[in-house]
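Spelled out from the first residue to the last, the chains are:
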Amino acid sequence: MDKLSYQYLDHDFDPEHTGDYTLLMQADEAQFTVAVTDQHKLLLLSNPLSSGALSGSGEGTELLFRDYSQRIAGLSFTGFTIIPLSLFNPEKTADFARFLDVKPDEKVFSQPLDDANQVIFKAGEKLVSAVGGKFSTRNIVFAARGWITAVAENNPPHTSLYLNLMSNKVDVLNFSDNKLRFYNRFGFGNADELAYFISLAAHELQLQPQELSLVVSGDVTHGDDNISRLSDFFGKVEINDLQLTGLPEQVDPHSVLSLTALALCASSVAH
C-alpha cells in the first residue's frame, strides 16, 4: 500500500482549503508525482507514488482527491503526432489518429498544443482510466505541453536544444523565430545512447554540435554521467534555471519544471 510522502510540504498548506489551490500531476504507467500550488507558490511536492495509489487506498492519498480549484494531469503518451492548425480539421481526427496505430487498449486525445499546432496522442487505457476515474479525462493534457509552453514564452534561440530527462526518456525541443520547429521523445539506456539521439536531432535540424547549446531540465544533476557525456559532443550544456513557481531552497527549479509548467495549461482544462 502506498503512503503519501513529501519532498516538500509548506507550513502554509491547509488541507481544509484545497478549494483555493491547484493540483498538478505527472503520471505514467508506473508512477505519478503531484504538486499543489497556491497562485505562484509551491505548497506541496510529493515523492513518486505507484499508479495503484490512484485507487485512493494508500495512507494519506485521500488528500489527492479533495476538491481543488483546478486539476491538471499531464499524461505520458505511447504515441503522438503534431499537426499545423492550418491543416487540422476536427472532423478528421480519426483519420489523423490512424497514423498512430492505435491498439484496442489505448485511448486517443486531440488538443491544441500551442497557437499554431494541434497534438493528437494516445495513452494506455489502464492509465487513462486510473487518472480519469479520479480527476476526469477533461483534466488530462499532453504531458509535455506545459514544458513546451514555458520554453516558448522565454524567447528560445534557434541555436538551443531544450532537453527534459525523465528516467530513461528524453524530450527534445527546438524553436525558430519563437515558433515550434522540432519536438520528439526518445528512449535511451545510457549516456552514450542519449548523446547519440541528441546528435541525430541536431543533424536533422542542421545545427552544428559545437555551435549548439543544450538546456537541460528534469532528472539531472550538475556533472552527472548524462551531462558529462553530452558535454563531450556539444559546445555548451547548461541546467535550465527557469522558475515558474516560488520554490523552497531545497527544490531545484529544473527538477520540477515540467510538473510546475502544467499550470500554464490551466486556461484549456475544465474545472
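Residues numbered from 1 in each chain as written. Predicted model: local features only at pLDDT ≥ 70, side-chain atom pairs only at ≥ 80, totals over all residues. Heavy atoms only, no water.

### A closer look at the overall build of the protein chain
The condition that has to hold: Comment: elements are numbered from the N terminus, with helices defined as DSSP H or I runs of at least four residues and strands as E runs of at least two. It is over C-alpha atoms that the radius of gyration is taken, and the globule rule equals 2.2 Å times the number of residues to the power 0.38. Per-residue accessibility, obtained with a 1.4 Å probe over protein chains only, is compared with the maximum for each type, and a residue is labelled buried under 20%, exposed over 50%, and partly exposed between these values. With residues, only the protein chains shown are counted as cover, and all accessible areas are computed by Shrake-Rupley using a 1.4 Å probe. In this count, Lys and Arg are taken as positive residues and Asp and Glu as negative ones, while His and the chain termini are left out. Here the site of a charge means atom NZ of a Lys, CZ of an Arg, CG of an Asp or CD of a Glu.
Looking only at helices and strands, the protein chain features six helices and 15 strands. Relative to the globule expectation of 18 Å for 271 residues, the C-alpha radius of gyration of the protein chain, 18 Å, shows essentially globular dimensions. Expressed along its principal axes, the backbone C-alpha trace of the protein chain runs to roughly 55 × 50 × 30 Å. For the protein chain, the residues scored as buried account for 49% of the 271 residues in total. With an accessible surface of roughly 13,200 Å², the protein chain has 46% of that area assigned to carbon and sulfur atoms. Across the protein chain, the mean location of the 19 positive side-chain charges is 8 Å away from that of the 35 negative side-chain charges.

### A closer look at the nonpolar core
What counts, and what does not: Residues grouped as a nonpolar core are buried Ala, Val, Leu, Ile, Met, Phe, Trp, Tyr and Cys residues, joined through side-chain atoms within 4.5 Å.
Formed by 47 residues in total, the largest nonpolar core has its most connected members in Met-25, Phe-32, Val-131, Trp-147, Leu-173 and Tyr-183. Counting residues in each nonpolar core, the second largest holds 23 residues, with Val-172, Phe-182, Phe-186 and Ile-198 among its members.

### Structural notes on the sheet that holds strand β14 (residues 213-218)
Here is the rule we go by: Paired strands are those between which DSSP finds at least two bridges. Axis angles are defined between N-to-C directions and span 0 to 180 degrees, where every axis is a line fitted to C-alpha atoms and, for a helix, only to the segment in contact.
Spatially, five strands are ordered β13-β12-β11-β14-β15 in an open sheet, and the strand pairing comes out mixed. Two strands close off the open sheet at either side, each with one partner strand: β13 (179-187) and β15 (236-239). Averaged over all pairs of adjacent strands, the angle between their axes in this sheet comes to 20 degrees, without regard to strand direction. Where β14 and β15 come together, four bridges link them in parallel fashion. Opposite Leu-214, over in β15, you have Val-237 as the bridge partner.

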